[in-house]
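Close look at the chain arrangement
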Amino acid sequence: MASGTSRDVIRRGLWVLGRAIREQPRIFAVAVAGSVLFGGLVIASAYVVGAVVGDVVVPAVEAGEVGTGTVALAAVALFGISVLRVVGIFGRRLGAGYMQFRLQAAYRRRVTRRYLDLPLAWHHRNATGTLLSNANSDVEAAWYPIAPLPFAVGTLVMLVGAVGSLFVTDWALALVGLAVFPALFALNVVYSRRMAPRQARAQRLRAEVSGIAHESFDGALVVKTMGREAQETARFAERARELRDSLIAVGRLRGVFDPLLETLPSLGTLAVLVVGTVRLRQGAITVTELVSVAFLFTVLAFPVRAIGWVLAELPRSVAGWDRVSRVLDATGEMPYGEVTLDDAGPATLAFDGVHFGYEPAEAHLPGTSVLGEVAFTVPAGRTVALVGPTGAGKSTIASLAVRLVDPDAGTVTLDGVDVRRLTAASLASTAALVAQVPFVFDDTVRANISLDRPGIDDEDVWAALRLAEADGFVAALPDGLDTMVGERGTSLSGGQRQRLTLARALAGRPRLLVLDDATSAVDPRVEAAILAGLRAPAPGQPAAASILVVAYRRATIALADEVIYLEHGRVLARGTHAELLATVPGYVDLVTAYEQAEQERAENRTYDEVAPLPTGLEIEVDR
Ligand SMILES: Nc1ncnc2c1ncn2[C@@H]1O[C@H](COP(=O)(O)OP(=O)(O)O)[C@@H](O)[C@H]1O
Ligand SMILES: [Mg+2]
């Protein structure tokens with residue numbers, strides 16, 4: 001990505017900087033003003049020092065005395081310059097800092113916001129570790145050169161001023177300046193061109209190292225139970241070694257060029273003294289002028305480095321920017337519509353001629369067709385069970401129902417309105433999906449359930465917990481609703497986590513509830529009780545929600561008004577549980593096989609003490 005010629009990298013790097021300036025023009029102006037003030041004073045200080053030497057020190061040495069007035073004047077001039085320089089440095093540093101960190105914050109926000117807008121398919125193609133480094137180190141890298149940028153711009157102005165003042169002083173000395181300053185500049189350019197590929201490589205390896213680290217922490221359970229610690233460590237060590245070597249290569253280059261960049265101005269000073277002495281003898285310049293110019297070369301050496309800092313950071317900046325803009329420019333987000341549904345009573349969900357296939361991992365591979373001609377309805381207030389072997393497409397249907405993905409053909413409607421025409425808010429308040437793998441935030445039980453949604457008070461939270469059969473264990477927690485559940489809910493059992501996420505969905509009072517095997521780790525009797533509770537609302541109340549439930553257990557399926565039997569992405573049969581048992585052999589086999597697996601499992605261990613490990617038929621690896 002960041003390869004190509006190094007000339008290209010500098011051109012693109014300058015373009016990135018231009019973008020930064022366009023985004024923060026006022027702060028940049030303040031910083032550059034401070035830097036130009038500083039640069040002007042550096043030149044001025046050289047001439048004041050020259051004047052002090054020529055008009056104070058030399059006469060003093062020759063005559064043995066000086067007027068106090070002259071000394072006082074020199075002191076005041078030097079002091080004044082120092083004070084103003086402080087002001088310049090302050091303005092430059094403050095401006096550069098503000099600019100750099102504001103840009104970082106703004107782009108972190110944009111990148112993370114973008115992650116949430118991009119469709120699930122995009123997330124499936126991109127590793128979490130990479131996303132983390134996009135939002136962190138890549139954003140930082142993109143704006144690294146901002147810190148020295150105002151200094152560098154001020155220095156350029158100062159160099160022009162310096163050469164100008166050299167010409168006013170003496171053409172021969174000006175020629176020395178014309179030789180040394182461009183040479184310094186050229187050296188900086190060569191330096192950063194050499195640096196380009198090394199920095200890009202280091203930045204890429206940084207992302208890979210963080211990706212591997214993230215994956216092995218995330219999969220710690222698998223790594224440990226499968227005894228893969230050594231291999232996993234080796235895999236990480238390999239990349240960490242590559243990163244180390246690549247950073248050392250960066251350091252080595254710096255080691256060669258830094259001394260060169262230091263030496264060149266000193267050689268300039270030497271040349272000034274040689275040429276200057278000749279010119280002094282010829283009477284072309286005064287001692288004051290010679291000292292001023294020699295001093296000018298000495299004080300210029302440091303600011304000129306700022307140009308090198310900017311150029312040296314450009315490759316990394318371009319590499320970071322490429323990775324950040326890949327996220328910002330990613331397409332495929334699903335635009336929402338304008339329609340808002342009425343918030344009254346349970347919703348009707350309908351699938352009509354739905355076809356769906358996942359995008360291939362790489363563009364040249366063929367996509368897979370997962371669903372074909374799927375059509376069914378969940379009438380308002382009814383419960384429909386979705387039954388089928390692993391890989392039949394049940395989870396895909398659940399994702400389509402809440403519009404995590406859109407169908408390739410056909411429509412998914414809620415209350416007769418195509419879900420693509422609904423606003424994001426209307427969709428979220430109408431339909432709620434509870435996935436098989438529960439996600440719990442590292443926060444209190446209360447926060448995990450209310451998610452800070454407006455209008456959800458403790459009473460609502462408890463009501464949701466009761467419906468999810470979770471009020472009992474939450475009440476028994478040491479701090480009740482205020483108990484922290486730990487990262488990813490590790491302090492809870494699998495079944496408890498599932499019931500918390502169910503309560504979270506219920507607290508939003510959805511009008512359609514989609515349960516994708518959402519209670520698999522809960523005891524079967526409790527699962528049936530939950531579903532019965534959801535179906536039969538409090539006396540005198542209309543049914544709260546329509547339910548689409550992916551289920552296996554006979555007791556659960558039997559509660560549904562209708563069962564949709566799915567195989568290979570096609571609806572093979574539909575009817576009541578009893579009807580299907582009587583007419584569909586595949587259905588009978590599946591339900592029986594699952595029951596056997598359930599029994600074995602129940603004999604071996606109790607439910608809520610284990611995480612949702614693969615059971616019987618259902619061996620799935622959900623991301
Ligand atoms: N993110 C994905 N990318 C590609 N293929 C997928 C993805 N998720 C599921 N599939 C495939 O789609 C088919 C249906 O999967 P899924 O809907 O999860 O089935 P079920 O929930 O019934 O087990 C399977 O063949 C599965 O391999
Ligand atoms: Mg599934």
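I will try to describe carefully the structure that is included in this document. (Residues numbered from 1 in each chain as written. Chains lettered and ligands numbered in written order. Predicted model: local features only at pLDDT ≥ 70, side-chain atom pairs only at ≥ 80, totals over all residues. Heavy atoms only, no water.)

1. So, empty space enclosed by the protein
The full count for this structure, using the stated rule, is two cavities of 30 Å³ or more. Considering only enclosed or pocket space, the largest cavity measures out at about 70 Å³ in volume. As for the largest cavity, its lining consists of Leu515, Asp517, Ala518, Thr519, Glu527, Ile530, Leu531, Val549, Val550, Ala551 and Thr556. Taken together, the elements giving at least two residues each to the lining of the largest cavity come down to helix 17 (524-535) and strand 8 (546-550). For the lining of the largest cavity, the element with the highest residue contribution is helix 17, accounting for three residues. (1 Å grid on protein atoms, 1.4 Å probe; cavity = no way out; pocket = protein on both sides within 12 Å on 5 of 7 lines; lining within 4 Å. Points joined across faces, edges and corners; volume = space filled by probe spheres on them. Helix = DSSP H or I, 4+ residues; strand = E, 2+ residues; numbered from the N terminus.)

2. A look at the pairing of strand 7 (residues 512-516)
The element strand 7 is extensively covered by neighbouring structure, given that five of its five residues are classed as buried. With burial as the criterion, each face of strand 7 is covered, one bearing Leu512, Val514 and Asp516 and the other bearing Leu513 and Leu515. Alignment of strand 6 (residues 431-434) against strand 7, held across four bridges, turns out to be parallel. The residue bridging alanine 432 from the neighbouring strand is leucine 513, located in strand 7. (Buried < 20%, exposed > 50% of the residue type's maximum accessible area, 1.4 Å probe, protein only. Pairing = 2+ DSSP bridges.)

3. Considering the nonpolar core
By size, the foremost hydrophobic cluster in this structure holds 66 residues, and its most contacted members are Tyr107, Trp143, Ile146, Phe181, Val272 and Phe297. Residue assignment for this core shows that the elements contributing at least two residues are helix 1 (6-23), helix 2 (25-63), helix 3 (68-117), helix 5 (128-142), helix 6 (149-169), helix 7 (171-218), helix 9 (229-281) and helix 10 (287-328). The greatest single-element share of this core, amounting to 16 residues, is contributed by helix 10. If near-sequence neighbours (up to four positions away) are discounted, tryptophan 143 is found in contact with Val16, Ala20, Gln100, Leu103, Gln104, Tyr107 and Trp321. With 44 residues, the next largest nonpolar core counts Phe473, Leu477, Val563 and Tyr565 among its residues. (Core = buried A, V, L, I, M, F, W, Y, C linked by side-chain atoms within 4.5 Å. Contact = heavy atoms within 4.5 Å.)

4. Digging into the sheet that holds strand 6
Spatial strand order, 6-7-8-3-9-10: six strands in an open sheet with mixed pairing. Where the open sheet ends on each side, the last strands, each with one partner, are strand 6 and strand 10 (570-575). Taken pair by pair, the neighbouring strands of this sheet meet at an average axis angle of 15°, ignoring direction. The pairing of strand 3 (residues 383-387) with strand 9 (residues 562-567) spans four bridges and is parallel. Across the sheet, the residue bridging to alanine 385 is valine 563, located in strand 9. Along the sheet, helix 11 (residues 394-401) makes contact with strand 3, strand 6, strand 7, strand 8 and strand 9, crossing strand 7 at roughly 155°. Packed on one face of the sheet, helix 17 meets strand 3, strand 7 and strand 8 and runs near 160° to strand 8. (Axes fitted to C-alpha atoms, helices over the stretch in contact; angles between N-to-C directions.)

5. Comments concerning the sheet that holds strand 4 (residues 409-414)
Two modes of strand pairing occur in sheets, parallel and antiparallel, and in both the strands are linked by backbone hydrogen bonds. An order of 2-1-4-5 is seen for the four strands of this open sheet, with the pairing classed as antiparallel. This sheet does not close on itself; its edge strands, each paired only once, are strand 2 (368-378) and strand 5 (417-418). One ladder, built from five bridges, connects strand 1 (residues 349-358) with strand 4; its direction is antiparallel. Across the sheet, residue phenylalanine 351 finds its bridge partner in strand 4, namely valine 412. Helix 11 contacts strand 1, strand 2 and strand 4 of the sheet and is inclined by roughly 120° relative to strand 1.

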